[in-house]
Structures are given as C-alpha cells and as structure tokens.
Amino acid sequence: MSHFLTRGPLAILAALMAPLAVCALLLPFRSNIANVNVALILVVVVVAAAALGHRPAGALTAVSAAVWFDFFFTRPYEHFSITRSADITTAVLLLLVGLAVSQLAARARRLQVIAITDADYLAQIHHTARLAQSSTSPTAVIDQVRAQLVGLLHLRGCRFEYSTLLGHPPRLEQDGSVVLGRKKWAVDRLGLPDEKVELRVFGNGRFYGRFMLEATPGVVPSLEARLVAVTLADQTGNALDTMQHSPHAG
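Residues numbered from 1 in each chain as written. Predicted model: local features only at pLDDT ≥ 70, side-chain atom pairs only at ≥ 80, totals over all residues. Heavy atoms only, no water.

Participant: Pulling in residues and values, what's your account of unusual backbone geometry?
Facilitator: A cis geometry characterises the amide bond from Arg75 onward to Pro76, with omega recorded as -5°. Looking at where Pro76 falls in the secondary structure, it is placed in the loop between helix 4 (55-73) and helix 5 (85-134). Phi angles above zero are rare outside glycine, and Glu78 is one such case at about 60°. Residue placement: Glu78 occurs in the loop between helix 4 and helix 5. In the Ramachandran plot, His154 falls in the positive-phi region, its phi being about 55° despite a non-glycine side chain. Mapping His154 onto the fold places it in the loop between helix 6 (138-153) and strand 1 (157-162). By relative accessible area, which is 47% here, His154 ends up partly exposed. (Helix = DSSP H or I, 4+ residues; strand = E, 2+ residues; numbered from the N terminus. Buried < 20%, exposed > 50% of the residue type's maximum accessible area, 1.4 Å probe, protein only.)

Spelled out as structure tokens, the structure:
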C-alpha cells in the first residue's frame, strides 16, 4: 500500500495538487511575502514530492509549482502571464531548480537501491564462501550455488554438469558478458539467449564442470548480478578443488 501511495497514481495527483494547495495557503499573505520567498517555499514542496514519489512526480510538481506561482503571485494576478522581468526570472528558476531536484532525488533513490542490492550480493557471496569452507560435500555446495544462480539471474532452471564441454552453447564470461559463437551477445538489451547458457567452473586452473543456465524470457539480469554469478562459480570451483585434494577425500 505504501508503494502505491508514493509511486502510483496518487503520487501523480499529489504532485499536481500540492503546489496549488501551498499557494492557496500563502495567498492571504501575498502582499507581505516576497515572490522569491514564495518560490523557495515551493522548491521545498518539489523536494518533498521528488523524495517521496518518483521522477515523473517530482517533475510534475516542478511544473505545477511554476504554473501556480505565475497564476497567483505575478502580475497580472489570476492570469497565466508575467509582465515583470524579475518575476519571469524567478518562475523560470523555480521550474529549472524543481526539475533538477527531481532528477537528483531519483538518482539518490537509485543509488540507495543499488547499495541495498549490493549488500545482498555480498551476503550471498559470503554465505557461499562459508559453506565452501565448512562443507565436505560437493553436492551441498553445488546445490547451494545452483539455487543462488536461479534467484540471482531469475532463471527458469539451472543444472550442473560434471567435467563436460559437449556442444557450443552460449557462455557467460568472467567479465559478465555472454559469448555466442564468436560474437558477444547484447545481454544488457536482450537478456540471456533462449538456449541454455554455460557458466564454467574452474578450481586452481582445473575444469570441474559447468552450470547450465536456462533464462526466463524477457528478463535482463544486470551486469552486477552476472558478475556475482561468475564469483559464485569461482567459489564452487575452489571448493571442489579443495575437497578433491583434502586428505579426507574419498
């Protein structure tokens, strides 16, 4: 419900109405408040809308603020026209500052989401590293990473193949790119290919197998997610290599 209020149609409605409501409250004091101060108050409204809503909401608030500032606080009053050059400058600056603030607020929210997501990625890597150090079962590590890959890349399915390189499927590389044949696949635009994509697993330079990734149509996994997937595959390889050379290995 909170998401709907702050990101949905109500956010758009609030963006349009908030500057009008504030102007209505300030209207009785029009003769005592400088237009520059009115503009500053409206900028605060834009900041609030941009912080609580989304980018379109912030932009709409900026436009609405400029329109109602013109209508109520510039001469001739109650007309959508401005005659004084100072008021024109103030109205234009109000619009530009409001649009800039909405962009900055949207970027700040995006960075916050990235930070939260990165924390989740690090938690997954840490969890797999702990399991790799403590487990004596290759199957346990493989199953853990397989489940992580499904969630991380939003896959329809994933399986692990031991020591096989049959066929020439698309391949997820160490840099997060996907190679199909001799060409790079536009994964950031198209998502993973429809056919199964291999993610090879090496430990101490030795090939142990590969995860076969079955993509979900329409899903575009981020570069960060793909790099984490490669890291998890590397951890799997290191765990398999450690277990194979362990004095307790069968």
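Moving on, there is more to tell.
Participant: Let's hear about the packing of aromatic side chains: which residues, and what values?
Facilitator: One pass over the full model with this rule turns up 7 aromatic pairs. With a centroid separation of 4.9 Å and 90° between ring planes, the pair formed by Phe71 and Phe72 is classed as edge-to-face. On the basis of relative accessibility, which here comes to 17%, the residue Phe71 falls in the buried class. Ring geometry for Phe160 and Tyr162: centres 4.9 Å apart, planes at 85°, overall edge-to-face. (Phe/Tyr/Trp six-rings, centres within 6.5 Å; stacked < 30°, edge-to-face > 60°.)

Participant: Explain the environment of His168 residue by residue, including any values.
Facilitator: Within the fold, His168 resides in the loop between strand 1 and strand 2 (171-172). Separated by 13 residues in sequence, His168 and Gly181 have C-alpha atoms that sit 7.3 Å apart.

Participant: Lay out the nonpolar core in plain terms, naming residues and giving numbers.
Facilitator: Leu149, Leu152, Leu172, Leu199, Phe211 and Leu213 are the most contacted members of the largest nonpolar core, which has 32 residues in total. Every element with two or more residues in this core is listed here: helix 5, helix 6, strand 1, strand 5 (197-203), strand 6 (206-214) and helix 8 (223-244). Broken down by element, this core gets its largest block of residues, 9 residues, from helix 8. Excluding residues within four positions of it along the chain, Leu149 makes contact with His154, Leu155, Cys158, Leu199, Phe211, Leu213, Ala229 and Leu232. Membership of the second largest hydrophobic core comes to 17 residues, among which are Cys23, Ala39, Val43 and Ala62. (Core = buried A, V, L, I, M, F, W, Y, C linked by side-chain atoms within 4.5 Å. Contact = heavy atoms within 4.5 Å.)

Participant: Before we move on, could you go through a nonpolar patch on the surface and cite the residues and values that matter?
Facilitator: Taken together, Ile88, Val92, Leu93, Leu96 and Val97 make up a surface patch of nonpolar side chains, about 410 Å² in accessible area. With respect to the helices and strands, Ile88 occurs in helix 5. Residue classification places Ile88 among the partly exposed residues on the basis of a relative accessible area of 38%. (Patch = residues over 30% accessible without salt bridge, like charges linked within 9 Å, V, L, I, M, F, W, Y side chains within 5 Å. Areas by Shrake-Rupley, 256 points an atom, 1.4 Å probe, with all protein chains shown as cover. Salt bridge = Lys/Arg side-chain N within 4 Å of Asp/Glu carboxyl O.)

Participant: I'd like to hear about the confidence of the model for the chain, residue by residue, with values.
Facilitator: On average, residues of the chain score 83 in pLDDT, and 85% of them reach the 70 mark or higher. Ranking the elements of the chain by mean pLDDT puts helix 1 (residues 2-7) last, at 41, and strand 2 first, at 96. Counted against residues more than four places away or in other chains, residues 1-7, with its pLDDT under 50, gives 13 contacts. (pLDDT = per-residue confidence, 0-100.)

Participant: Tell me about the environment of Arg84, and name the residues and values.
Facilitator: By secondary structure assignment, the location of Arg84 is in the loop between helix 4 and helix 5. Classification of Arg84 by relative accessible area gives partly exposed; the value is 46%. Taking the C-alpha atoms as reference points, Arg84 and Thr74, 10 residues apart in sequence, are found 7.8 Å from one another.

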